[in-house]
Amino acid sequence: MIRLDLSEKGYGGVPVLGPMQLRVGRGEVLGLSGASGAGKTTLLRILAGLDSRFAGTLEIDGRSAMVFQNPTLMPWRRVIDNVTLPTSATEEQARAMLARVGLESVADHWPGQISVGQARRVGLARAFVTKPDVLLMDEPFASLDGARVGDLLELTAALIAETNAAVVIASHAAGELDALATRFARVDGRPARLFQEERVRAGS
Amino acid sequence: MMRAGVITQGHEREQVERRPEQEANRRPDVPVALASLIALVLVWAGGAWLLNDPRLAPGPQIVFPTLWEALVSGQLWPDLSATLIRVLFAFTLAMGIGAAIGIALGASERADRWFGPWLTVALNVPALVTIVLCYLWIGLNEWAAIAAVAVNKIPMVAVMLREGMIARDPDLSDMARLYRMGVVARLRHILIPQLAPQIMGAARAGLALIWKIVLVVEFLGRSNGIGFRIHLDFQMFDIAGVLANALAFVAVMLAVEWGILAPLARRAASWRQR
């Protein structure tokens, strides 16, 4: 469960996020849309606890994980270590999760030897192996071509369904949010506010 | 033979052709290095022959026997070991304190704003001034000698480590914080690998600088060590002795560089080639 009551977040005295309330319960997937630079990443960093310099309160129930905008892998560690070292997952758990995302054959490769699409899958494996209660995803499919995004969307949707976590996914691609989110909100304005959108995902 | 390499930069991934000379730079070429050193000795011999003044410009045919005599007579070893011990202590102190200062300044923008100018001042204090002041303040003893050398080297290590901290990937630090990696794990898996090039650079440049300063320190205020021996040779106008003593220590430092530091640096950077 995520509960954020934010009155203001600024950088150098300039407010970038205005008053907003955000609630995401277990099993819910909130899709955050907004133009580049609107404040989606700032909001996700607050939710992840990576930025505590804001006016307001944040409550997170349980363990958080995040899929970053960049794959954020340690290039000096093999793929398997990139899953086990940050998360304390056992090697067996990590290999099983890597197999789940289709990367069992590159588990012992170095990050420099795999493609960007594969690196993003490693990021997914690292997040999901922790069995998170709260999952934050920041443009998880950026810079991938259409076919790769399609595969990853399908995989991500299946993994989210298995975790039953409270999920917030930020993307400027409406199609990605449509495929994953159960609720939608838009980050807009200066300072940015959160506008809940009434639409719900088809079939949900 | 051209070999395709793969680099990843931000979101982009591209195939690049790594040039053969870049590959060669990564591996030591012992035969070429030896040939190069032999060529240097030949140039030296040629210069000495042209000058034709064995007292002022002794060639290798005079210096090498002088060095051999010092070696077999046992006169060289006490001085060599005294200098090596001073280098080792000063190097350890300078790397430890310099790295701590550099990491602190690199981690805190405010600290860097306030104390960065101090580093610039420290970098520009002449080594001789530090040495003289240490001898005057602490006395003509071993502690003053080691402190003088370490104080000279600390600012350079701090600056290199500070730049490494500033250039580190903030996303990796965020990832470590989010997944609550412990302090030791963060140091071992996130921070040190990113700072390895700066640490190795500071160590290699530092060692080369430190032993030269140690010689000055010994020249000015110690009663043993290669610097002290060079002082005696200087008073006797024994240029062959000066060169023989210097050669002995250059050989030791080359052995440390090739035998310890260069392999360590290659190991620290080995993941880049994969």
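Residues numbered from 1 in each chain as written. Chains lettered and ligands numbered in written order. Predicted model: local features only at pLDDT ≥ 70, side-chain atom pairs only at ≥ 80, totals over all residues.

Caption draft 1: Fine view of the overall build of chain A. Looking only at helices and strands, one finds six helices and ten strands in chain A. The C-alpha radius of gyration computed for chain A amounts to 17 Å, which stays within 12% of the reference 17 Å derived for 204 residues, consistent with globular compactness. With respect to the three principal axes, the spread of C-alpha positions in chain A is 45 × 40 × 30 Å. For chain A, the residues scored as buried account for 46% of the 204 residues in total. Pairs at least 24 residues apart make up 70% of the contacts formed inside chain A by residues separated by at least 6 positions. (Helix = DSSP H or I, 4+ residues; strand = E, 2+ residues; numbered from the N terminus. Rg over C-alpha atoms; globule rule 2.2 N^0.38 Å. Buried ≥ 20, exposed ≤ 12 C-beta atoms within 10 Å, placed from the backbone. Contact = placed C-beta atoms within 7 Å.)

Caption draft 2: Region of the structure containing the overall build of chain B. Looking only at helices and strands, chain B features eleven helices and two strands. Helices and strands in chain B line up, N terminus first, as β-β-α-α-α-α-α-α-α-α-α-α-α. Within chain B, the proportion of its 274 residues that are buried is 31%.

Caption draft 3: Representation of helix H2 (residues 79–87) of chain A in the model. Counting buried positions along H2(A) gives eight out of nine residues, so the element sits mostly inside the fold. The positive-phi residue at the C-terminal boundary of H2(A) is A:Ser88, with phi of around 65°.

Caption draft 4: Just the interface of chain B and chain A, in detail. Across the boundary between the two partners, chain B contributes 19 residues, which contact 21 residues of chain A. At the level of secondary structure, the elements contributing two or more residues to the side of chain B that touches chain A comprise strand E1 (3–9), helix H8 (170–178) and helix H9 (183–221) of chain B. Per-element tally for the side of chain B that touches chain A: the top contributor is H8(B), with seven residues. Counted by class, the side of chain B that touches chain A contains eleven nonpolar, three polar and five charged residues. (Nonpolar A, V, L, I, M, F, W, Y, C, P; charged D, E, K, R; others polar.)

Caption draft 5: Here's a closer look at helix H1 (residues 40–48) of chain A. Where H1(A) is concerned, the buried positions are A:Lys40, A:Leu43, A:Leu44, A:Ile46, A:Leu47 and A:Ala48. In the segment just after H1(A), A:Gly49 is the residue with positive phi, at about 80°.

Caption draft 6: A look at unusual backbone geometry. Residue and element names in this part refer to chain A. Omega for the peptide link from Arg-190 to Pro-191 comes to 0°, which places this bond in the cis form. Its place among the elements puts Pro-191 in the loop between strand E9 (183–188) and strand E10 (193–197). The residue Ser-88 is not glycine, and still its phi comes out positive at about 65°. Mapped onto the secondary structure, Ser-88 falls in the loop between H2 and helix H3 (91–100).

Caption draft 7: A look at the nonpolar core. Among the nonpolar cores identified, the biggest contains 66 residues, and A:Leu98, A:Ala125, A:Val168 and A:Ile169 are the most heavily contacted of them. Among the elements that line this core, the one with the most residues is helix H4 (residues 116–128) of chain A, at six residues. Counting residues in hydrophobic clusters, the runner-up holds 49 residues, among them B:Leu76, B:Ile131, B:Ala203 and B:Phe249. (Core = buried A, V, L, I, M, F, W, Y, C linked by C-beta atoms within 7 Å.)

In short, the description is geometric, and any link to function would need to be established separately.
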